[in-house]
Amino acid sequence: MNNCAIVGVNWGDEGKGRMVDLLCRDYDIVVRYQGGGNAGHTVVNDKGKFALHLLPSGIFHENTINILGNGVALDIENLAREIEELRTRGISITPDNLKISERASILLPWHRDLDEYEELRLADRKYGSTKQGIAPFYSDKYQKKTIMAGELFYPSLLEEHLQELLEWKNLIIKGLYGQKEWEFAEIRDWVSKYAEIIKPFITDTGAILQKAEKDNKKVLFEAQLGTLRDLDFGIYPYTTSTNTLSAYGPVGAGYPPMKIDRVIGVVKAYSTCVGEGPFVSELTGEEAARLREAGQEYGAKTGRARRVGAFDSVATRYGALMQGTTEIALTKIDVLSYLDKIPVCVKYLYQGKELTDFPFPAAMEKCEPVIEYMDGWKCDISAVRNYEELPEMARKYISFIEEACKCHVKYISVGPHRDAIIIR
Ligand code: GDP
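Just so we're clear, the structure is a prediction, and the values are computed from it rather than from any experiment.

**Q** Teacher, can you tell me more about a nonpolar patch on the surface here?
**A** On the surface, Phe153, Tyr154 and Leu157 cluster together into a nonpolar patch covering about 330 Å² of accessible area. Turning to its location among the elements, tyrosine 154 is positioned in the loop between strand E9 (147-148) and helix H5 (155-176).

Here it is as structure tokens:
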């Protein structure tokens, strides 16, 4: 049982970062295998409160090796800033504890520009992009029009490759969007500036993982976002541009044959969603405002208010199934302590029919939630550390979630701090 993935079961922001921070002391290696710096994990530990964007959450543990796999969008500008910020707060980041895959593609500044231009073009039909260039980056990667990190070590090839990409990209920037073209010197200088900072960390991460497996080391796979944002299995097109599923972990990390033994699905005790798209169990008005405030539901990267909703059994069961969860980590249950009655969405209504299975994305726009209410516990549970000491109504709520997800709830998080956890 050496390898474990910690993944999101919902829309993201479930508290994966806090679970990785808690559990990574038991692992030798922590790998980020997909996504970019567009979302953020918030970690609160004895070193302070940190918002991580691209760096794996194992960066706070001195003996942990952190890997950014080939599947990530390597935003070298933001990564350089993130490394600098953490270093100034006393966190040691060296080529010994951070390794970047030579096969990770580099997110270039025009990817961010293109995100902006496309959202402008779409106007009120926009997807709600975080404008970090993620979608343009991945579409370029799949068109084979990006630079791999390892190319930074081949300067003449890199220069030629950049020139080719620039020529093609400018046609789109100018022709399609009517925006200002990039000069070659600008993009070359940008690349060389950040390359100098990032190069010492670049290596063959596949070889590291292969050796780790041979040496019986333990690897933790850290995902970004959640099932419902998975490119293939989420609420398309309101998804991210990568596979957020545990199954993609070994591919995006750099060593495809690796097996994942445990999948910890992180589930939030209520729902939140950032950006556009159908959100069946969404709450509105005063009820939403109170929950948002109680849970401090504002984006770690953007600060924007998250949409909030009741726990959604249909979406969460599907989320857990697609992740192949072997156990659930339930987070933020303490946030619900103020409620007399807790709303939960038990099924959907679609054209007069009750649905318990997750529908095709196009049908979701027309789904209505069937809401039931569970009794609240109305007391502070943030200091509880034993399951038996939780109020009966809180235990009932956990059993309900267990039943909804068809999976054992092993971890119950009752606060943001590393130690605010109940382990069953
Ligand atoms: P991630 O991207 O999945 O890691 O999630 P985020 O970091 O975006 O969101 C989780 C937020 O909730 C962070 O601010 C955490 O500090 C906080 N948090 C995590 N677990 C708990 C919990 O059990 N209770 C409370 N009150 N806050 C939590």
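**Q** Before we go on, may I ask you to explain the pairing of strand E3 (residues 41-45) in this structure?
**A** Two faces, one strand: in a regular strand the side chains alternate between the faces of the sheet. In terms of burial, E3 is largely enclosed, as four of its five residues are buried. Where E3 hands over to strand E4 (residues 48-52), the hairpin turn is made up of two residues, counted between the paired strands.

**Q** How do you make sense of the nonpolar core when you look at a structure like this?
**A** Generally speaking, soluble globular proteins have nonpolar side chains that are buried together. Among the nonpolar cores identified, the biggest contains 44 residues, and Leu74, Leu79, Ile93 and Leu108 are the most heavily contacted of them. Contributions of two or more residues to this core are made by E4, helix H2 (76-88), strand E7 (98-101), helix H3 (109-122), H5 and helix H6 (184-198). At seven residues, H6 tops the list of elements feeding residues into this core. For leucine 79, the residues in contact, after removing those within four places along its chain, are Leu54, Leu55, Leu68, Leu74, Ile100 and Ile198. In terms of nonpolar packing, the next biggest core, distinct from the first, is built from 38 residues, Tyr270, Ile333, Met374 and Trp377 among them.

**Q** What's the story with the sheet that holds strand E11 (residues 219-226) in this structure? I'm lost.
**A** Whether parallel or antiparallel, the strands of a sheet pair through hydrogen bonds between backbone atoms. Taken in spatial order, the ten strands line up as E10-E7-E5-E2-E11-E1-E12-E16-E20-E21 in an open sheet, and their pairing is mixed. Only two strands of the sheet have a single partner each, and these edge strands are strand E10 (202-203) and strand E21 (421-423). Alignment of strand E5 (residues 65-68) against E7, held across three bridges, turns out to be parallel. Counterpart to asparagine 66 in the pairing with E7 is leucine 98.

**Q** Explain unusual backbone geometry here, please?
**A** Note that the residue after tyrosine 236, namely proline 237, is joined by a cis bond; omega there is 5 degrees. Positionally, proline 237 belongs in the loop between E11 and helix H8 (249-253). If you check the backbone angles, glutamine 351 has positive phi at about 50 degrees while not being a glycine. In this fold, glutamine 351 is placed in the loop between strand E17 (341-350) and strand E18 (353-355). Under the relative-accessibility criterion, glutamine 351 is labelled exposed at 63%.

**Q** Before we go on, may I ask you to explain the pattern of salt bridges in this structure?
**A** Side chains that carry opposite charge are capable of pairing whenever their charged atoms lie near each other. Under the defined criterion, the tally for this structure stands at 21 salt bridges. Across the salt bridge formed by arginine 307 and glutamate 282, the nearest N and O atoms sit 2.9 Å from each other. One end of the pair, arginine 307, is in strand E14 (residues 307-309); the other, glutamate 282, is in the loop between strand E13 (271-273) and helix H9 (285-295), with 25 residues separating them in the sequence. On the basis of relative accessibility, which here comes to 31%, the residue glutamate 282 falls in the partly exposed class. Lysine 406 is the partner of glutamate 403 in a salt bridge, and the nearest nitrogen-oxygen pair spans 3.0 Å. Here glutamate 403 falls in the exposed class, since its relative accessible area comes to 51%. Connected through salt bridges with shared partners, the residues Asp13, Lys268, Glu297, Arg306 and Lys332 form a single ionic network.

**Q** Can you help me understand the site of the ligand in this one?
**A** Lys16, Gly17, Thr42, Asp334 and Ser413 are the nearest of the 18 residues found near the ligand. Lysine 16 has a polar backbone atom sitting 2.8 Å from an oxygen atom of the ligand. Side-chain polar atom of arginine 306 to an oxygen atom of the ligand: 3.2 Å apart, as the coordinates give it. The protein chains hide 92% of the 580 Å² of surface that the ligand would expose on its own. Elements with a contribution of two residues or more to the shell around the ligand: helix H1 (16-23) and E3. In terms of residue count, the dominant contributor to the shell around the ligand is H1 (three residues). A per-class count over the shell around the ligand returns three nonpolar, eight polar and seven charged.

**Q** I tried to follow the packing of aromatic side chains on my own but got confused; where do I start?
**A** For any pair of aromatic rings, the description rests on two quantities: the centre-to-centre distance and the angle between the ring planes. In the structure shown here, the tally under the stated rule is twelve aromatic pairs. Centre to centre, the rings of tyrosine 117 and tyrosine 177 are 5.8 Å apart; their planes meet at 45 degrees, and the pair counts as tilted. Placement of tyrosine 117 in helix H3 and of tyrosine 177 in the loop between H5 and H6 is noted, with a sequence separation of 60 residues between them. Of the two residues, tyrosine 117 and tyrosine 177, neither departs from the other in class, the shared state being buried. Between tyrosine 318 and phenylalanine 358 the ring centres are 4.4 Å apart and the planes differ by 15 degrees, which places this aromatic pair in the stacked class. On the criterion of sequence distance, the pair formed by tyrosine 318 in helix H10 (residues 313-323) and phenylalanine 358 in the loop between E18 and helix H11 (361-364) is long-range, its members being 40 residues apart. Across the pair, exposure class does not vary: tyrosine 318 and phenylalanine 358 are buried alike. Among the aromatic residues, those joined into a cluster by ring pairs are Phe311, Trp377, Tyr397 and Phe400. The ring of tyrosine 411 has lysine 410 lying over it, and the distance from NZ or CZ to the ring centre is 5.7 Å. In this arrangement the basic side chain of arginine 424 is found over the ring face of tyrosine 387, its NZ or CZ atom lying 4.1 Å from the centre.

**Q** Please explain the packing of H2 against H6 as it appears in this structure.
**A** When two helices pack together, their arrangement is given by the angle between their axes and by how far apart the axes lie. Here H2 crosses H6 at 40 degrees, and the two axes come no closer than 9 Å. By the angle class used here, H2 and H6 are oblique. Every pair of crossing elements has a handedness; the one defined by H2 and H6 is left-handed. Across the interface between the two elements, Ile76, Glu77, Leu79, Ala80 and Ile83 of H2 pack against Trp190, Tyr194, Ala195, Ile197 and Ile198 of H6. Class assignment for the residues of the contact of H2 with H6 results in nine nonpolar, no polar and one charged.

Conventions used here
- Residues numbered from 1 in each chain as written.
- Predicted model: local features only at pLDDT ≥ 70, side-chain atom pairs only at ≥ 80, totals over all residues.
- Heavy atoms only, no water.
- Patch = residues over 30% accessible without salt bridge, like charges linked within 9 Å, V, L, I, M, F, W, Y side chains within 5 Å.
- Areas by Shrake-Rupley, 256 points an atom, 1.4 Å probe, with all protein chains shown as cover.
- Salt bridge = Lys/Arg side-chain N within 4 Å of Asp/Glu carboxyl O.
- Helix = DSSP H or I, 4+ residues; strand = E, 2+ residues; numbered from the N terminus.
- Buried < 20%, exposed > 50% of the residue type's maximum accessible area, 1.4 Å probe, protein only.
- Pairing = 2+ DSSP bridges.
- Core = buried A, V, L, I, M, F, W, Y, C linked by side-chain atoms within 4.5 Å.
- Contact = heavy atoms within 4.5 Å.
- Near = heavy atom within 4 Å.
- Polar contact = N/O pair within 3.5 Å; in protein donor to acceptor, adjacent residues only side chain to side chain.
- Nonpolar A, V, L, I, M, F, W, Y, C, P; charged D, E, K, R; others polar.
- Phe/Tyr/Trp six-rings, centres within 6.5 Å; stacked < 30°, edge-to-face > 60°.
- Lys NZ or Arg CZ within 6 Å of the ring centre and 35° of its normal.
- Axes fitted to C-alpha atoms, helices over the stretch in contact; angles between N-to-C directions.
- Parallel < 35°, antiparallel > 145°, perpendicular 65-115°, else oblique.
- Left-handed = near helix turned anticlockwise from the far one by under 90°.

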